[in-house]
Amino acid sequence: MLTKLKEKFQSWIATEAKLAHNLGLTPNQISAIGVVFAVFSALAYWNWQYHPLYRILAPIFLLFSGFCDALDGALARMRGQITTFGGFIDSVLDRYAEAIIFCGITAGGLCHPIWGLVALAGSLLVSYARARAEAAGVKMETVGVAERAERLMILAIASFLSLVWLEALSWAVILLSILTHLTVLQRIVYFRKASQQKEE
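Residues numbered from 1 in each chain as written. Predicted model: local features only at pLDDT ≥ 70, side-chain atom pairs only at ≥ 80, totals over all residues. Heavy atoms only, no water.

Another aspect to go through is the packing of helix α4 (residues 84-107) against helix α6 (residues 148-161). Relative orientation of the contacting elements α4 and α6 amounts to 25°, with a least axis distance of 13 Å. Regarding the angle of α4 to α6, the classification is roughly parallel. Where α4 crosses over α6, the handedness of that crossing is left-handed. From α4, Asp 94, Arg 95, Ala 97, Glu 98, Ile 101, Phe 102 and Ile 105 reach across to α6, where they touch Arg 148, Arg 151 and Leu 155. Considering only residue class, the contact of α4 with α6 consists of 5 nonpolar, no polar and 5 charged. (Axes fitted to C-alpha atoms, helices over the stretch in contact; angles between N-to-C directions. Helix = DSSP H or I, 4+ residues; strand = E, 2+ residues; numbered from the N terminus. Parallel < 35°, antiparallel > 145°, perpendicular 65-115°, else oblique. Left-handed = near helix turned anticlockwise from the far one by under 90°. Contact = heavy atoms within 4.5 Å. Nonpolar A, V, L, I, M, F, W, Y, C, P; charged D, E, K, R; others polar.)

What follows is the structure in structure tokens.
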């Protein structure tokens, strides 16, 4: 079932990539737009107590940011513009986007500051572990329980739940604090096994 959902999602993203291509957008522009949506999301989280609308806009902007993260790669593949620099800048902007969102949630008082920092550190380390492993020639895609897509979905779902249960987002950040560091541990174990096999 998950495979079918993934295939449908990839087909939909490919269609959206064609539309973006027709509009003359480049993968790097899509990546930058994703960061802008992340900033809007963070501002909405930060100011959620001033207007109920912000509590709805925050996860919507969050999902748009995640959509751009998927779209830029699909557009790059479609246009044959996969470059080393493009992959690098995309990864850097993704880290900025995620950090900005966690800062907005924490600054808005929607989670305890310590849990917010732990979740942010875990999210960054998940990405660093992958980058460091792949630089050593070990593929890390799909390794671990909390990759970027899963983290965004957990935050988005909890954000919508917070409309009726305010503590939902706080518990989601605690969950991410655990899952991200568990993912780092999974990647360490995976890298250890893979590197030993390569050395043998």
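Here the focus is the nonpolar core. Formed by 23 residues in total, the largest nonpolar core has its most connected members in Tyr 45, Leu 62, Ile 101, Ile 105, Leu 155 and Leu 169. With 5 residues, α4 is the single largest residue contributor to this core. When residues no more than four places from it in sequence are discounted, the contact partners of Leu 62 are Ser 41, Tyr 45, Ile 101, Leu 152, Leu 155 and Ala 156. Of all hydrophobic cores here, the second largest spans 9 residues; its members include Ile 13, Ala 17, Ala 20 and Leu 71. (Core = buried A, V, L, I, M, F, W, Y, C linked by side-chain atoms within 4.5 Å. Buried < 20%, exposed > 50% of the residue type's maximum accessible area, 1.4 Å probe, protein only.)

Moving on to the packing of α4 against helix α5 (residues 113-135). Closest axis-to-axis distance for the α4/α5 pair is 9 Å, and the angle between their directions is 170°. As far as their axial angle goes, α5 and α4 are roughly antiparallel. In contact with Arg 95, Glu 98, Ala 99, Phe 102 and Thr 106 of α4, α5 contributes Pro 113, Gly 116, Ala 119, Leu 120, Ser 123, Leu 124 and Ser 127. Taken together, the residues of the contact of α4 with α5 sort by class into 6 nonpolar, 4 polar and 2 charged.

Peptide bonds are mostly trans, and most non-glycine residues show a negative phi. A positive phi angle is found at Thr 142, which is not glycine, with a value near 75°. Note that Thr 142 resides in the loop between α5 and α6. Thr 142 gets classed as exposed once you look at its relative accessible area, which sits at 56%.

A few words now on the packing of aromatic side chains. Enumeration according to the criterion identifies 4 aromatic pairs in this entry. Centroid distance Phe 37 to Phe 61: 6.1 Å. Interplanar angle 25°. Geometry classified as stacked. With Phe 37 in helix α2 (residues 27-46) and Phe 61 in helix α3 (residues 52-79), the pair connects residues that are 24 residues apart, well separated along the chain. Here the aromatic rings of Phe 37 and Phe 64 are separated by 5.1 Å at their centres, their planes lie at 25°, and the arrangement is stacked. (Phe/Tyr/Trp six-rings, centres within 6.5 Å; stacked < 30°, edge-to-face > 60°.)

Tracing the backbone shows Gln 49 in the loop between α2 and α3. Exposure remark for Gln 49: the relative accessible area of 44% places this residue in the partly exposed category. C-alpha separation for the pair Gln 49 and Ala 14, spaced 35 residues apart in sequence, amounts to 38 Å.

What follows concerns the confidence of the model for the protein chain. Should pLDDT be low for a region, the predicted coordinates there are not to be read in detail. In this model, the protein chain carries an average pLDDT of 90, and 96% of its residues clear a pLDDT of 70 or more. By mean pLDDT, helix α1 (residues 2-22) is the weakest element of the protein chain at 71, and α2 is the strongest at 96. (pLDDT = per-residue confidence, 0-100.)

Now for α5. In this model α5 runs 33 Å from its N-terminal to its C-terminal C-alpha over 23 residues, within 8% of the 33 Å that 1.5 Å per residue would give. One or two steps after α5, the chain reaches Gly 137, where phi turns positive at roughly 90°. (Expected span 1.5 Å × (residues − 1).)

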